[in-house]
Protein chains: 2
Amino acid sequence: MISTRRITMEATRFRVTFERMGIGVVAIAATIIGLGGVVDAFSQTAPKAPDAAKSFFAANVGSILEEYAELLAIPNRASDDKNIRRNAEWIRDALDRRGVRAELLEVAGAPPIVYGVLEATSPGGHDRTIGVYAHYDGQPVVLEKWKQSPWEATLYTRALEAGGQPRPFPKDGEPFDREWRLYARSVSDDKASVMSFLAGIDALREAGIQIGSNLVFFLEGEEEAGSRHLGDFMDRYPEKLDVDVWLIFDGPTHQSGRPQLVFGVRGVTGLDITVYGANRYLHSGHYGNWAPNPAMMMSQLLASMKDETGRVTIEGFYDNVAPVEPAVVEAAKTIPPIDDQLRETFGLATTEANNAPYLDRMMLPSLNVRGFESGAVGARARNVIPPTASVSIDIRLAKGNDPDRMKEITEAHIVKQGYYIVRDEPTQAERLAHERIARVNPRGGYRAVRTAMDLPVVGWIQERARAAAGDELVLMPTMGGSLPLYLFEEKLGRPVVIVPVVNYDNNQHAPNENLRLGNLEYGVVLVASLFGAR
Amino acid sequence: MISTRRITMEATRFRVTFERMGIGVVAIAATIIGLGGVVDAFSQTAPKAPDAAKSFFAANVGSILEEYAELLAIPNRASDDKNIRRNAEWIRDALDRRGVRAELLEVAGAPPIVYGVLEATSPGGHDRTIGVYAHYDGQPVVLEKWKQSPWEATLYTRALEAGGQPRPFPKDGEPFDREWRLYARSVSDDKASVMSFLAGIDALREAGIQIGSNLVFFLEGEEEAGSRHLGDFMDRYPEKLDVDVWLIFDGPTHQSGRPQLVFGVRGVTGLDITVYGANRYLHSGHYGNWAPNPAMMMSQLLASMKDETGRVTIEGFYDNVAPVEPAVVEAAKTIPPIDDQLRETFGLATTEANNAPYLDRMMLPSLNVRGFESGAVGARARNVIPPTASVSIDIRLAKGNDPDRMKEITEAHIVKQGYYIVRDEPTQAERLAHERIARVNPRGGYRAVRTAMDLPVVGWIQERARAAAGDELVLMPTMGGSLPLYLFEEKLGRPVVIVPVVNYDNNQHAPNENLRLGNLEYGVVLVASLFGAR
């Protein structure tokens, strides 16, 4: 329960903080200050959360962008101790001002988690607790590749590639174009989620809509650095993370431009493999046809792993793949066909397995060669037999695949091809004892997640998202990328649903990262719908 | 015929030139000056050329090294116009002083050929004309990797790797150790041949041994740059190059350390191949298992070209290989078994085709992957599907293989695997029209040469080499490396025999190139035996 007293205190602090931001903030500040008065003025005839949030966004677009620019101005590489903590403190304070009981959780060596609780205020709202995950750190920037400073959020009339020109932020209530784009590091990945929380809560308060569930915020500061301490935080604070479902606010909406909910991610693991010929470069004239050629050996090894239709031929590779649930088959029908468009964009006449549908392929484990290096090509090529050939392989996992088992069967396949396995450079004695030697270095990994789409709480999330997104909503059984969501399942024992907000073409991780203004609006509307009581 | 008058003139010039060289040259100068007197003092009981040359080398080792150091001091990269010409002039003058009618042959844009004629002086010697080929240019040097300046020939007590220490040149007649090594660029490849000619002629004159054949010297200055104008010289000066047989003074003696004659070289050609996936890097999570992976495609393509026993599976690859002549089968018996020793050295448990003998493998065409590049491996690997995979392939040719045909059947094989062939980067339209695209860029090349070992003139050369080398002499049907010897066959219509002089472990083309003193002695003895009348 949030007391009136507490909200009044918050509003006072809020005004003080926002005075630094100057013009354009008065409207929000006024809204929040007035909140104590409207909370109890709730009426059954008032607009529902999505409509209310849409109106709120239109009326406060300038203030929202100003506040967002303040957050975007703080550099957020996970390893930049000082600045990453400034981000965390800024978000903590921003949540705190909105009545969220916010604090920083710490484990040694990690950026803090911004943790917060906002209790339900609606009748029955306490029966459901929603975990809200996002991350506030960002990828490193290569400054010279940016059109403007990545820390000075700049609005453009459309995407740079489409000829966008810079323009001032609109004033509150001034008409805006949903195609405008805000450029800054992390503006899409993933501070857009954080800003959606803030403005979404504001919108609910403005409309007098109660909070419809208990909310637990869990905002990570090292996702882009591999979430190395995420499990440690979960181990250390289990009682703070006892929720019914986790909403993972990350990733883009569908390639078709339509909003989506995503119910899973592929897992991932991989191996680095090196095979060996002679212990030095040999002249290809003097020894070609006599000394084994590692590039050819590796080619034969790889070719033994996958056939020309794209089927992986490692024994047992497709065992253990969980059957596709009927709900997934249904969900697939909501997905716009994008295969042809992607092939056209990427210049591909065909894709694997005779143009098998994209989603079908994402539901299977994959074996991908990330790189292959041996000797040199083109002008740098010399008349040699290279001494080694190395590849880096990633294996994406479908639901049901165990990462260790997938590495084991791959290694067993290599052994079956006659290779002796080493973990370090082979010794001369090993070279002389074994006809074929492969150095295999397995990498870490984690399993896939796919949340059952027919769980009641998941059904409730679909309803609320559809209220925000309309019939355009895509229900995507899995995304192709991998996130360590298994931790939420394994350590916390709760299902996850990914709730993307941002435009697909956001230049995530790259220079000139951007957020389409229409997607920020969608984020605010979606958050209001998910957090609100109606 | 060389007149006494001419030799006296030469001797005078010789002395003047050599005064610059200081101590140690007096003995040679005296020898040559005395030559006019001893030419007619020939006696049937006098020592034969090999013994005479051995004595001469021992008596003049200091002077020979001093003169050689002068030649080695002139940098000799083919593209260094000024210095490469200084080399040519130095050699022309050195031959000229020894009675060779020497001149420089020119074609535009090429280092000059040092050309020279030394007519037979023995009865019947005019019936046979021997072409003598060597090259005086050298590989580029990477200065910082040299133990000392590559242009200051330095004598070491043994190979650097064996702990050799620098020592002064011995004085003439002072005992020397055959394991001493002289370090300098081109000391082995291929100025050792030039110095052997000079000292070999001196040795014959010193011993009063007549010249036993007409000799035509043809010394190239751009062999290390690919002999780009060698054919032009042959086309321009055919009448100067009318000989019975060409002796190619180049390359090392046998890996066993034994002297050898080599009767052929492999030909060579090759192709660069690139295969294509999407027109950009794709995320391996989002698109792995859907978008084709070019590294895998290339691996499958290469694997289709060669089986695991080392047999090339391109249709027709082993057609047209000339049958091995009975003389070659006989010659093979002279070759010391080195396969086990090489495997041990190179750290190979086995070699291709179930340890098939080295020489058997050299008699077949080979397909070798010089390099394979796609994406990146190790710490640089990223979660991508690389857009391309490229390889560089060389094909070594056996006698009978046509380089163009070998490229054609390889390309036909690629087409048979379903590839559409392009010569440049594929356009978007080509990408969308063809499931598999390979850019194939054939390289130049030339065919193999193997001289019939039972030709009379070849038999005569074997006899003379055996007189110098003894029963240790290896008769090697072909070397593994490639040289454009086909030009001698095709343009000049004459057989070739390769006459190596230098130690096998000479660091040819590399830093710290060196010549074992025993091999310089062998060169002088061999030249004397081949040039002399007894």
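Residues numbered from 1 in each chain as written. Chains lettered and ligands numbered in written order. Predicted model: local features only at pLDDT ≥ 70, side-chain atom pairs only at ≥ 80, totals over all residues.

(A) Local environment of the overall build of chain A. A tally of helices and strands in chain A yields 18 helices and 21 strands. For 534 residues, the compact-globule estimate of 2.2 N^0.38 gives 24 Å, and chain A sits close to it at 26 Å. Within chain A, the fraction of its 534 residues that count as buried is 54%. Pairs at least 24 residues apart make up 80% of the contacts formed inside chain A by residues separated by at least 6 positions. (Helix = DSSP H or I, 4+ residues; strand = E, 2+ residues; numbered from the N terminus. Rg over C-alpha atoms; globule rule 2.2 N^0.38 Å. Buried ≥ 20, exposed ≤ 12 C-beta atoms within 10 Å, placed from the backbone. Contact = placed C-beta atoms within 7 Å.)

(B) Quick peek at the relation of the copies chain A and chain B. Expressed as a screw transformation, the operator carrying chain A onto chain B has a rotation angle of 180 degrees and an axial translation of 0.1 Å, and the superposed copies differ by an RMSD of 0.2 Å. Here the copies are linked by what is in effect a two-fold axis. It is Ser 299 of chain A whose C-alpha, among those of chain A, lies nearest the rotation axis, at 2.1 Å. Of the interface residues in chain A, 100% have counterparts in chain B that sit at the interface too, so the contact is made through matching surfaces. (Least-squares fit on C-alpha atoms with pLDDT ≥ 70 in both.)

(C) Fine view of helix H9 (residues 294–303) of chain B. Burial analysis of H9 of chain B places 9 of its 10 residues in the buried class, which makes it a mostly covered element. Turning to H9 of chain B, its buried residues are Pro 294, Ala 295, Met 296, Met 297, Met 298, Ser 299, Leu 301, Leu 302 and Ala 303 of chain B. The secondary structure elements touched by the buried residues of H9 of chain B are helix H9 (294–303) and strand S13 (366–375) of chain A together with strand S11 (267–276), strand S13 (366–375), strand S15 (388–397) and helix H14 (403–416) of chain B.

(D) Molecular detail of the environment of Ser 213 of chain B. Residues and elements named next belong to chain B. Tracing the sequence through the fold places Ser 213 in the loop between helix H6 (191–207) and strand S7 (214–220). Given 27 C-beta atoms within 10 Å, Ser 213 falls into the buried group. For Ser 213, the residues in contact, after removing those within four places along its chain, are Ala 120, Gly 125, Arg 128, Thr 129 and Ile 130.

(E) Looking closely at the interface of chain A and chain B. In this assembly, 70 residues from chain A lie in contact with 70 residues from chain B. Considering every element that reaches the side of chain A that touches chain B, the biggest residue donor is S13 of chain A, with 9 residues. In the side of chain A that touches chain B, the residues fall into 28 nonpolar, 27 polar and 15 charged. Pairing analysis gives 5 bridges linking S13 of chain A to S13 of chain B, with the strands arranged antiparallel. Bridge pairing in S13 of chain B links Glu 373 of chain A to Glu 373 of chain B. (Nonpolar A, V, L, I, M, F, W, Y, C, P; charged D, E, K, R; others polar. Pairing = 2+ DSSP bridges.)

(F) Just the environment of Leu 95 of chain A, in detail. Residues and elements named next belong to chain A. With respect to the secondary-structure elements, Leu 95 resides in helix H5 (residues 81–97). The spatial distance from the C-alpha of Leu 95 to the C-alpha of Val 194 is 9.5 Å, given a sequence separation of 99 residues. Residues in contact with Leu 95, not counting those within four places in the same chain, are Val 100, Ala 102, Gly 116 and Phe 217.

(G) Structural view of the packing of helix H4 (residues 49–72) of chain B against H6 of chain B. Residue and element names in this part refer to chain B. It is the contact of H4 with H6, at a shortest axis distance of 8 Å, that shows an interaxial angle of 135 degrees. The pairing of H4 with H6 is recorded here as oblique in orientation. Crossing handedness for the pair H4 and H6: right-handed. Along the contact surface, H4 presents Ala 49, Ala 52, Ala 53, Phe 56, Phe 57, Ile 64, Tyr 68, Leu 71 and Leu 72, while H6 presents Lys 191, Val 194, Met 195, Ala 199, Gly 200, Asp 202, Ala 203, Leu 204, Glu 206 and Ala 207. Looking at side-chain class alone, the contact of H4 with H6 contains 15 nonpolar, 1 polar and 3 charged residues. (Axes fitted to C-alpha atoms, helices over the stretch in contact; angles between N-to-C directions. Parallel < 35°, antiparallel > 145°, perpendicular 65-115°, else oblique. Left-handed = near helix turned anticlockwise from the far one by under 90°.)

(H) Region of interest: unusual backbone geometry. Residues and elements named next belong to chain A. Each neighbour pair has its own omega, and for Asp 189 with Asp 190 the value is 15 degrees, a cis peptide bond. Assignment of secondary structure puts Asp 190 in the loop between strand S6 (181–183) and helix H6 (191–207). Residues other than glycine seldom take positive phi values, yet Asn 354 does so here, at roughly 55 degrees. Looking at where Asn 354 falls in the secondary structure, it is placed in helix H12 (residues 352–355). With 8 C-beta atoms counted inside 10 Å, the residue Asn 354 sits in the exposed group.

(I) Up close: the nonpolar core. One finds Val 132, Leu 247 and Val 497 of chain A together with Leu 247 and Val 497 of chain B to be the most contacted residues of the largest nonpolar core, which totals 301 residues. Excluding anything up to four places from it in sequence, Val 497 of chain A contacts Val 245, Leu 247, Ile 248, Leu 261, Phe 263, Thr 451, Val 458 and Ile 461 of chain A. (Core = buried A, V, L, I, M, F, W, Y, C linked by C-beta atoms within 7 Å.)

(J) Representation of the sheet that holds strand S6 (residues 181–183) of chain B. All names here are of chain B. The 4 strands are arranged S5-S4-S6-S21 in an open sheet whose pairing can be described as antiparallel. Because the sheet does not close on itself, it has two edges, and the strands there are strand S5 (166–167) and strand S21 (514–516). Sheet topology note: the S6/S21 ladder contains 3 bridges and is antiparallel. Along S21, the bridge assignment pairs Leu 182 with Leu 515.

(K) Region of the structure containing the sheet that holds strand S5 (residues 166–167) of chain A. Residues and elements named next belong to chain A. Taken in spatial order, the 4 strands line up as S5-S4-S6-S21 in an open sheet, and their pairing is antiparallel. Looking at which strands have only one partner, the edges of the open sheet turn out to be S5 and strand S21 (514–516). Across 3 bridges, strand S4 (residues 154–156) lies against S6 in antiparallel orientation. The partner of Tyr 156 across the bridge, within S6, is Arg 181.

(L) View of H14 of chain B. Residues and elements named next belong to chain B. In this model H14 runs 20 Å from its N-terminal to its C-terminal C-alpha over 14 residues, within 8% of the 20 Å that 1.5 Å per residue would give. Among the residues of H14, those classed as buried are Pro 403, Met 406, Lys 407, Thr 410 and Ile 414. Mapping the buried residues of H14 onto a view down its axis gives an arc of 95 degrees, with all of them on the same face. The inward-facing, buried residues of H14 contact S11, H9, S15, strand S16 (420–422) and strand S17 (437–442). Directly after H14, the chain includes Gly 418, whose backbone phi takes a positive value near 100 degrees. (Expected span 1.5 Å × (residues − 1). Arc of directions from axis to C-beta.)

(M) A look at the pairing of strand S2 (residues 113–118) of chain A. Residues and elements named next belong to chain A. Where burial is concerned, most of S2 is hidden: 5 out of the 6 residues are buried. Bridge analysis of strand S1 (residues 101–105) against S2 gives 5 bridges, and the strand direction is antiparallel. Its bridge partner lying in S2, Arg 101 is registered against Val 117. Both S2 and strand S7 (residues 214–220) contribute to a ladder of 5 bridges, which runs antiparallel. Among the inter-strand pairings, Val 114 is bridged to a residue of S7, identified as Leu 219.

(N) Quick peek at the packing of helix H4 (residues 49–72) of chain A against helix H18 (residues 517–531) of chain A. Residues and elements named next belong to chain A. Where H4 meets H18, the axes come as close as 8 Å, and the angle between the chain directions of the two elements is 145 degrees. The two elements H4 and H18 meet at a crossing, and its hand is right-handed. Listed contacts from H18 to Ala 49, Pro 50, Ala 52, Ala 53, Lys 54 and Phe 57 of H4 are Glu 521, Val 524, Val 525, Ala 528 and Ser 529.

(O) The confidence of the model for chain A, seen in detail. Summing up the model confidence of chain A, the mean pLDDT is 90 and the portion of residues at 70 or higher is 92%. Note that residues 1–43 of chain A has pLDDT below 50 and, in this model, 54 contacts with residues that lie over four places away or in other chains. (pLDDT = per-residue confidence, 0-100.)

(P) Focus on the pairing of strand S8 (residues 245–248) of chain B. All names here are of chain B. Residues of S8 alternate between two faces, with Val 245 and Leu 247 on one and Trp 246 and Ile 248 on the opposite face, all of them buried. Pairing of strand S3 (residues 129–135) with S8, which is carried by 4 bridges, proceeds in the parallel orientation. Residue pairing for S8: Gly 131 is matched across the bridge by Trp 246. For S8 and strand S20 (residues 496–498), the ladder comprises 3 bridges, and the chain directions are parallel. From the neighbouring strand, Leu 247 faces S20, where its bridge partner is Val 497.

(Q) Quick look at the environment of Pro 326 of chain A. One can find Pro 326 of chain A in helix H10 (residues 326–332). Taking the number of C-beta atoms within 10 Å as the measure of exposure, Pro 326 of chain A has 10 and is therefore exposed.

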